[in-house]
Amino acid sequence: MELSVISSKEDDIVFRISGVTPAFVNSLRRTILCDVPILAIHEVMFFENESPMHDEIVAHRLGLIPLTTPPGKYVSPELCDCGSELGCAKCRVSLLLDVTGTENRSTTVYSSDLKSEDPEVQPVSAKIPITKLGPKKRLKLEAYARLGVGSAHAKWQPAATVSYKFQPKVTVSQGCDACGRCVAACPQKILKVQGGRLYVSDVDLCTVCKECARACPKTPAAIVPETVRDEFIFFLHSTGSLPPAEIMRQAARILEEKAGKVCKAVGG
Ligand SMILES: [Zn+2]
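Residues numbered from 1 in each chain as written. Predicted model: local features only at pLDDT ≥ 70, side-chain atom pairs only at ≥ 80, totals over all residues.

Colleague: Got a minute to help me understand the packing of helix 1 (residues 22-35) against helix 5 (residues 244-265) in this structure?
Modeller: In a pair of packed helices, the angle between the axes and the distance between the axes together describe the arrangement. Between helix 1 and helix 5, the shortest axis-to-axis distance is 9 Å and the interhelical angle comes to 105 degrees. Comparing their axes, helix 5 and helix 1 come out roughly perpendicular. Contacts from Ser 27, Leu 28, Thr 31, Ile 32 and Asp 35 in helix 1 reach Ile 247, Ala 251, Ile 254 and Leu 255 in helix 5. For the contact of helix 1 with helix 5, the class distribution of residues is six nonpolar, two polar and one charged. (Axes fitted to C-alpha atoms, helices over the stretch in contact; angles between N-to-C directions. Helix = DSSP H or I, 4+ residues; strand = E, 2+ residues; numbered from the N terminus. Parallel < 35°, antiparallel > 145°, perpendicular 65-115°, else oblique. Contact = placed C-beta atoms within 7 Å. Nonpolar A, V, L, I, M, F, W, Y, C, P; charged D, E, K, R; others polar.)

Colleague: Please explain the sheet that holds strand 12 (residues 223-238) as it appears in this structure.
Modeller: As a general point, the strands of a sheet are linked pairwise by backbone hydrogen bonds and lie either parallel or antiparallel. What the four strands build is an open sheet, ordered 1-2-12-9; its pairing is antiparallel. With partners counted over all chains shown, the strands left at the sheet margins are strand 1 (2-8) and strand 9 (159-172), one partner each. The sheet shows a mean angle of 30 degrees between the axes of neighbouring strands, taken without regard to direction. Bridge count for strand 2 (residues 12-18) against strand 12 is seven bridges, and the pairing is antiparallel. Each bridged residue has a counterpart across the sheet, and for Ile 17 the counterpart in strand 12 is Phe 232. (Pairing = 2+ DSSP bridges.)

Colleague: I keep staring at the sheet that holds strand 3 (residues 38-49) and nothing clicks. Help me out?
Modeller: Judged by pairing direction, the sheet is antiparallel, and its four strands sit side by side in the order 3-8-4-6 without closing on themselves. Each edge of the open sheet is held by one strand with a lone partner, namely strand 3 and strand 6 (115-116). Against the sheet, helix 2 (residues 55-63) makes contact with strand 3 and strand 8 (138-148), and its axis sits at roughly 150 degrees relative to strand 3, the strand it touches most.

Colleague: Can you help me understand helix 1 in this one?
Modeller: In an α-helix, one full turn covers 3.6 residues, which means residues spaced three or four apart are oriented alike. When the terminal C-alpha atoms of helix 1 are compared, their 19 Å separation across 14 residues agrees well with the 20 Å that a helix rising 1.5 Å per residue should span. Within helix 1 the residues assigned to the buried category are Val 25, Leu 28, Thr 31 and Ile 32. Mapping the buried residues of helix 1 onto a view down its axis gives an arc of 120 degrees, with all of them on the same face. For helix 1, the exposed residues set more than 90 degrees away from the buried face come down to Pro 22, Ala 23 and Asn 26. Tucked into the core, helix 1 has its buried residues touching strand 2, strand 9, strand 12 and helix 5. (Expected span 1.5 Å × (residues − 1). Buried ≥ 20, exposed ≤ 12 C-beta atoms within 10 Å, placed from the backbone. Arc of directions from axis to C-beta.)

Colleague: Explain the environment of Pro 37 here, please?
Modeller: Mapped onto the secondary structure, Pro 37 falls in the loop between helix 1 and strand 3. Classification of Pro 37 as buried rests on a count of 22 C-beta atoms within 10 Å. Considering only alpha carbons, one finds Pro 37 and Trp 156, 119 residues apart in sequence, at a separation of 6.7 Å. Contact partners of Pro 37, with chain neighbours within four places excluded, come to Ser 76, Leu 147, Gly 148, Val 149 and Trp 156.

Colleague: How should I be thinking about helix 5 in this particular structure?
Modeller: In this model helix 5 runs 32 Å from its N-terminal to its C-terminal C-alpha over 22 residues, within 8% of the 32 Å that 1.5 Å per residue would give. Buried within helix 5 we find Pro 244, Ile 247, Met 248, Gln 250 and Ala 251. Those residues of helix 5 that are buried lie in contact with strand 2, helix 1, strand 9 and strand 12. Looking at the residues trailing helix 5, positive phi occurs at Gly 267, about 80 degrees.

Colleague: Is there a simple way to explain the nonpolar core in this structure?
Modeller: Side chains of a nonpolar character, in soluble globular proteins, are inclined to be buried together. In terms of nonpolar packing, the biggest core is built from 39 residues, with Ile 32, Leu 39, Ile 41, Ala 143, Ala 145, Leu 236 and Ile 247 touching the most fellow members. Look past the residues within four positions of Ala 143 in its chain and what remains in contact with it is Ile 41, Val 44, Leu 62, Leu 95, Leu 97 and Leu 114. (Core = buried A, V, L, I, M, F, W, Y, C linked by C-beta atoms within 7 Å.)

Colleague: Any chance you could explain the environment of Gly 175 here in plain terms?
Modeller: Considering the arrangement of structural elements, one finds Gly 175 in the loop between strand 9 and helix 3 (181-185). Between the C-alpha atoms of Gly 175 and Pro 119, which are 56 residues apart in sequence, the distance is 64 Å. Beyond its immediate chain neighbours, meaning those up to four positions away, Gly 175 contacts Lys 218 and Ala 222.

Here it is in structure tokens:
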């Protein structure tokens, strides 16, 4: 197996992985979505709710706010030695919210109004609207975040998007006379004719739509777009709760643990 990073940004990572099966990359994708734990608000205690929304709706909206998750700092309440239903400092984070509407205008309550007891656990974005308040109306609550996994609820999914595609490959044969018809037909605009030759500028952008082959006047076509069956381009966009590299690390570790259990079960 070979892996090379194509691009890496704050919340995105794109890499090329080869020498693996579609089942393997799909396992990686599913592990990221279902098994990598992150923090999300799971319980809310309301002291005052004079907003137009019911408690349940406000609680649901709070649950969907992505929170930054310090890796390794918290444990899942099921695995915590406190054994308490309420949780402890190792398995739970408290976030307070107390907003009163202004004198004569409606006020929007934002995610930035949540005050966390742990500076490392904060809403990923400060500008997520929670609800609105009429003049002098108040919303006061205490929310409790805990670790969870995406298979239990989508609010615990660390990735907004995680997908892969087969590595495209475009072969130009000797029979090509660089007439340029495929250049005009390509919807991705990745073909160009330079110095009497046809070039592919960025093969990764090819969708293998085969418009180039259809536009080619030669029989058989002098340009053949296809996919490499054991090579993939993998895309991961984090919600911001964990850096993409950390999501990949944890997913790989979880997959390894699962494979280890299979080996152990069969006596390996
Ligand atoms: Zn605990």
